[in-house]
Every structure is written in structure tokens, then in C-alpha cells.
Amino acid sequence: MRHQKSGRKLNRTSSHREAMFKNMAASLIQHEEIRTTLPKAKELRRVAEPLITLAKVSSVANRRLAYARLRDRDAVGKLFDVLGVRYKNRPGGYLRILKFGFRAGDTAPMALVQLVDRPETAAVAAPEAVTEAAPAKKVAKKAATAKKPAAKKAAKAKKAD
């Protein structure tokens, strides 16, 4: 029986689970939004929210504790310098988990994990940058495909001579 055994195993060894959640928490802190499966997202709350609570009080001891749990210097810096200040007066509940449909390959339920109270500039600027970059790639791709037939014709003309 599994009495008093909290947490999902997620079909992984304990070391794999620990490393996965360290990496997911660091990514969430860096990007403030990640996409993952629903069970992993719900379990990630148990890792990320205590880290943000720890970051509310900036001290060397707390930074060392956060670094021991994350092993990512940039994430710890952002955690204490940006997120700890942002959530100073919020009494918990720092993450939002939104259901995000099902994965194409295995129909696993997906979720979008976001930090609440994100500044609108970070949330809006990222999608605009993606949409601006996409047409530029299409134009470059069209130009590259347009050159290929001309090059083939020139190669055929050389062979014929």
C-alpha cells in the first residue's frame, strides 16, 4: 500500500525525477512560461512555488539553498532579483496551470505553466517577435528555392556543351 507516500513517480527513477524537476523549474524561472504534460505541471508546483517563497527574503543563505536546489546561477539570480521582488506581497499561488489540449503522438494531456502577474511586455513581446521572424524565413526560403531551378538549368547547359 502507498499510504503517506506523496508525489507522482511519473515512471522515472528518483534521480531522473529530481533532475527533470530542477531543469523544469530553472526553465520556468528563465522563460516564465513552459509547456509540459499535465501531471508534470502539477508536480512542478511542489518544486517551483517553495523556491519563489524562498526568494522573497534575499539573503546569502537563501541564495545558497536555491542554488543547491536548481544548480543554475542565472535562474537563481533572476529568482531573487526579479521574481522575489515581484511576489513580495503575494501569499503563495505563484503558478497558473492551463490545460493545453492533447499531444499529437500519444494524446497525453498537455498544460501551459505560467507565472501569475507577469508584466504584459514580456507576454506580448515574445509572440510578436515570433510572427515577425516567420515571414522573413518564408521570404528567404522562397528566394533559395527560386535559385535552385536556375542553377539546375545552368548545370544542364554546361553538360550539353
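Everything below is about the structure shown above.
Every value quoted in this text rests on a predicted model; they were computed, and no experiment measured them.

J.: I tried to follow the packing of helix H1 (residues 14-31) against helix H3 (residues 60-70) on my own but got confused; where do I start?
T.: Axis angle and axis distance: for two packed helices, these are the angle between their axes and the distance between the axes, and together they describe the pair. Look at H1 against H3: their axes get within 8 Å of each other, and the N-to-C directions meet at 120 degrees. The angle between H1 and H3 falls in the class oblique. Residues Lys-22, Ala-25, Ala-26 and Ile-29 of H1 lie in contact with H3, whose contacting residues are Ala-68, Arg-69 and Leu-70. The residue inventory of the contact of H1 with H3, partitioned by class, reads 5 nonpolar, no polar and 2 charged.

J.: Got a minute to help me understand the pattern of salt bridges in this structure?
T.: Two side chains bearing opposite charge may form a pair once their charged atoms approach each other closely. Enumeration according to the criterion identifies 10 salt bridges in this entry. Among the salt bridges present, the one from Arg-8 reaches Glu-43, with a minimum N-O distance of 2.9 Å. Taken together, the residues Arg-8 in the segment before H1 and Glu-43 in helix H2 (residues 38-55) connect sequence positions 35 residues apart. The exposure class of Glu-43 is buried, given its relative accessible area of 8%. The salt bridge involving Glu-33 is made with Arg-118; its shortest N-O contact spans 2.8 Å. Of this pair, Glu-33 sits in strand E1 (residues 33-37) while Arg-118 sits in the loop between strand E3 (109-115) and helix H5 (120-160), placing them 85 residues apart in sequence. Of the residues examined, Glu-33 reaches a relative accessible area of 32% and is grouped as partly exposed. For Arg-118, a relative accessible area of 16% gives the class buried. Salt bridges sharing partners connect three or more residues here, namely Glu-32, Glu-33, Lys-78, Arg-86 and Arg-118.

J.: So what exactly am I meant to see when it comes to the layout of surface pockets here?
T.: Empty space left among the atoms is revealed by rolling a probe the size of a water molecule over them. There is about 270 Å³ of room inside the largest pocket. Arg-8, Arg-17, Glu-18, Phe-21, Lys-22, Glu-43, Arg-46, Val-47, Leu-51 and Arg-69 together form the lining of the largest pocket. Here the lining of the largest pocket is built from residues that sort into 3 nonpolar, no polar and 7 charged.

J.: Is there a simple way to explain the pairing of E3 in this structure?
T.: It is a general feature of regular strands that their side chains alternate between the two faces of the sheet. By the criterion of burial, E3 is predominantly enclosed, with 6 of the 7 residues buried. Both E1 and E3 contribute to a ladder of 5 bridges, which runs antiparallel. Across the sheet, the residue bridging to Ile-34 is Val-113, located in E3. Bridge count for strand E2 (residues 95-102) against E3 is 6 bridges, and the pairing is antiparallel. Across the sheet, the residue bridging to Lys-99 is Ala-111, located in E3. From the end of E2 to the start of E3, which pair antiparallel, there are 6 residues, and Thr-107 there has a positive phi angle of about 50 degrees.

Cut-offs and rules
- Residues numbered from 1 in each chain as written.
- Predicted model: local features only at pLDDT ≥ 70, side-chain atom pairs only at ≥ 80, totals over all residues.
- Heavy atoms only, no water.
- Axes fitted to C-alpha atoms, helices over the stretch in contact; angles between N-to-C directions.
- Helix = DSSP H or I, 4+ residues; strand = E, 2+ residues; numbered from the N terminus.
- Parallel < 35°, antiparallel > 145°, perpendicular 65-115°, else oblique.
- Contact = heavy atoms within 4.5 Å.
- Nonpolar A, V, L, I, M, F, W, Y, C, P; charged D, E, K, R; others polar.
- Salt bridge = Lys/Arg side-chain N within 4 Å of Asp/Glu carboxyl O.
- Buried < 20%, exposed > 50% of the residue type's maximum accessible area, 1.4 Å probe, protein only.
- 1 Å grid on protein atoms, 1.4 Å probe; cavity = no way out; pocket = protein on both sides within 12 Å on 5 of 7 lines; lining within 4 Å.
- Points joined across faces, edges and corners; volume = space filled by probe spheres on them.
- Pairing = 2+ DSSP bridges.

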